[in-house]
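Remarks on the overall topology
Below, each chain spelled out in residue letters.
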Amino acid sequence: MAEPDPGCAAVICRGVEKAFGTGDVRLQVLRGVDLEARYGELTFLLGPSGSGKTTLLSIIAGLLKHDRGSVTVLGRDLAKLHNGEAALFRLRNIGFVFQQFNLIPALTAAENAAVPLLAAGWKRKEAVAQARALLADLGMAHRADDLPNKLSGGEQQRVAFARALIQSPRLVICDEPTSALDGATGRHVMELLRKVALSPERAVLVVTHDFRILEFADRIAEISDGVIQKVSQGKEAA
Ligand SMILES: Nc1ncnc2c1ncn2[C@@H]1O[C@H](COP(=O)(O)OP(=O)(O)O)[C@@H](O)[C@H]1O
Ligand SMILES: [Mg+2]
């Protein structure tokens, strides 16, 4: 494979290795992962359960350290960021949708979605108004004042989406984003993700098992046995 132009990729993983545990219980999850997520593209990562998809996303997001190899995100080598710097970099540039939605139970849907803006120093009223507008785009206007425990799984997932997208991050990372959504909502969310999260300076990386949304991919990377086995253009694979 030709070396990619780093200017074209928001995420560049080279030879990434990661193991959990030590000695007899050591589990080598990633065995030299090479992956790119290009600007302006929606990249999907497919693979069986337990193949290390969440582990890889956590490394790219700077939440977990890799053992070997290099990870460059938006032009920054993650190994060279100090702890405090990494947190700020993440807050400013990366939006996540976690597999578990990780909503704060005591905050309403709109307040949850507004959290990144509040952390960035916005006034509460303006942050919540912005969150309401984005929730409305996601078909959640009527749920904006509800607490998470009153929301269905699919509704909670849409709040998690709103929280990830609200700062217009340059990189959006989603772990199984449509698993709790019905087909129509899943498509709507993917369309919104294309519209809201993609531009020539921005990229989206999605882990999924959901074959219903594969048509939205620009590029599909398949991981198993700790390495990327295949990368195809979205249209080829669909
Ligand atoms: N913090 C951890 N400690 C030990 N093992 C872990 C940890 N996180 C993940 N694993 C193991 O690593 C493997 C890959 O996990 P994961 O990345 O969650 O896979 P996927 O998201 O593809 O289903 C699994 O066998 C899992 O049990
Ligand atoms: Mg996972």
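Coordinates for the structure precede this section.
Here goes a summary of the coordinates provided. (Residues numbered from 1 in each chain as written. Chains lettered and ligands numbered in written order. Predicted model: local features only at pLDDT ≥ 70, side-chain atom pairs only at ≥ 80, totals over all residues. Heavy atoms only, no water.)

**Observations regarding the overall build of the protein**
Helix and strand counts for the protein stand at 7 helices and 10 strands. Taking 238 residues into account, the globule formula puts the C-alpha radius of gyration at 18 Å, and the protein, at 18 Å, falls close to it. The C-alpha extent of the protein, read off along each of the three principal axes, is 50 × 40 × 40 Å. Relative to its 238 residues, the protein shows a buried fraction of 51%. (Helix = DSSP H or I, 4+ residues; strand = E, 2+ residues; numbered from the N terminus. Rg over C-alpha atoms; globule rule 2.2 N^0.38 Å. Buried < 20%, exposed > 50% of the residue type's maximum accessible area, 1.4 Å probe, protein only.)

**Quick look at the environment of leucine 181**
Mapped onto the elements of the fold, leucine 181 is located in the loop between β7 (171–175) and α6 (183–197). The residues touching leucine 181, leaving out its near neighbours within four places in the chain, are Gly154, Gln157, Gly186, Val189 and Arg212. (Contact = heavy atoms within 4.5 Å.)

**Brief notes about the sheet that holds strand β1 (residues 9–20)**
In space, the 4 strands of this open sheet follow the order β2-β1-β4-β5, with antiparallel pairing throughout. Two strands in the sheet have a free side with no partner beyond their single neighbour: β2 (27–38) and β5 (76–77). Bridge count for β1 against β2 is 9 bridges, and the pairing is antiparallel. Across the sheet, residue alanine 9 finds its bridge partner in β2, namely arginine 38. (Pairing = 2+ DSSP bridges.)

**Looking at the site of ligand 1**
The environment of ligand 1 is formed by Phe20, Leu27, Val29, Pro48, Ser49, Gly50, Ser51, Gly52, Lys53, Thr54 and Thr55. Within the backbone of glycine 52, a nitrogen or oxygen atom sits 3.0 Å from an oxygen atom of ligand 1. Elements that contribute at least two residues to the shell around ligand 1 include exactly β2 and α1 (53–60). Here the shell around ligand 1 takes 3 residues from α1, the largest share from any one element. Of the residues assigned to the shell around ligand 1, the class counts are 4 nonpolar, 6 polar and 1 charged. (Near = heavy atom within 4 Å. Polar contact = N/O pair within 3.5 Å; in protein donor to acceptor, adjacent residues only side chain to side chain. Nonpolar A, V, L, I, M, F, W, Y, C, P; charged D, E, K, R; others polar.)

**Thoughts on α1**
With 7 of its 8 residues buried, α1 lies for the most part within the structure. Within α1, burial applies to Lys53, Thr55, Leu56, Leu57, Ser58, Ile59 and Ile60. Glycine 62 occupies a position one or two residues after α1 and carries a positive phi of about 80 degrees.

**A short note on the pattern of salt bridges**
Tallied over the entire structure, the rule returns 14 salt bridges. Notably, a salt bridge pairs aspartate 67 with lysine 18, separated by 4.0 Å at the nearest N-O pair. Residue aspartate 67 is located in the loop between α1 and β4 (68–73), and its partner lysine 18 is located in strand β1; the two are separated by 49 residues in the primary sequence. Given a relative accessible area of 42%, aspartate 67 falls into the partly exposed group. For glutamate 111, the salt bridge is made with arginine 124, and the minimal N-O distance between the two is 2.5 Å. One end of the pair, glutamate 111, is in helix α3 (residues 109–119); the other, arginine 124, is in helix α4 (residues 124–137), with 13 residues separating them in the sequence. The exposure class of glutamate 111 is buried, given its relative accessible area of 17%. Linked by salt bridges that have partners in common, Arg143, Asp146, Lys150 and Glu155 make up one network. (Salt bridge = Lys/Arg side-chain N within 4 Å of Asp/Glu carboxyl O.)

**So, the environment of aspartate 137**
Turning to its location among the elements, aspartate 137 is positioned in helix α4. Relative accessible area serves as the criterion here: at 45%, aspartate 137 is assigned to the partly exposed category. Apart from residues lying up to four places away in sequence, aspartate 137 is in contact with His188 and Leu192.

**Some details on unusual backbone geometry**
Of note, the phi angle at asparagine 102 is positive, near 55 degrees, even though the residue is not glycine. Tracing the backbone shows asparagine 102 in the loop between β6 (94–97) and α3. With relative accessibility at 46%, the residue asparagine 102 sits in the partly exposed group. The backbone of glutamate 176 sits at a positive phi, close to 50 degrees, despite the residue not being glycine. Note that glutamate 176 resides in the loop between β7 and α6. Judged by relative accessible area, which is 7%, glutamate 176 ranks as buried.

Interpretation note: all reported values are geometric properties and have no functional meaning in isolation.
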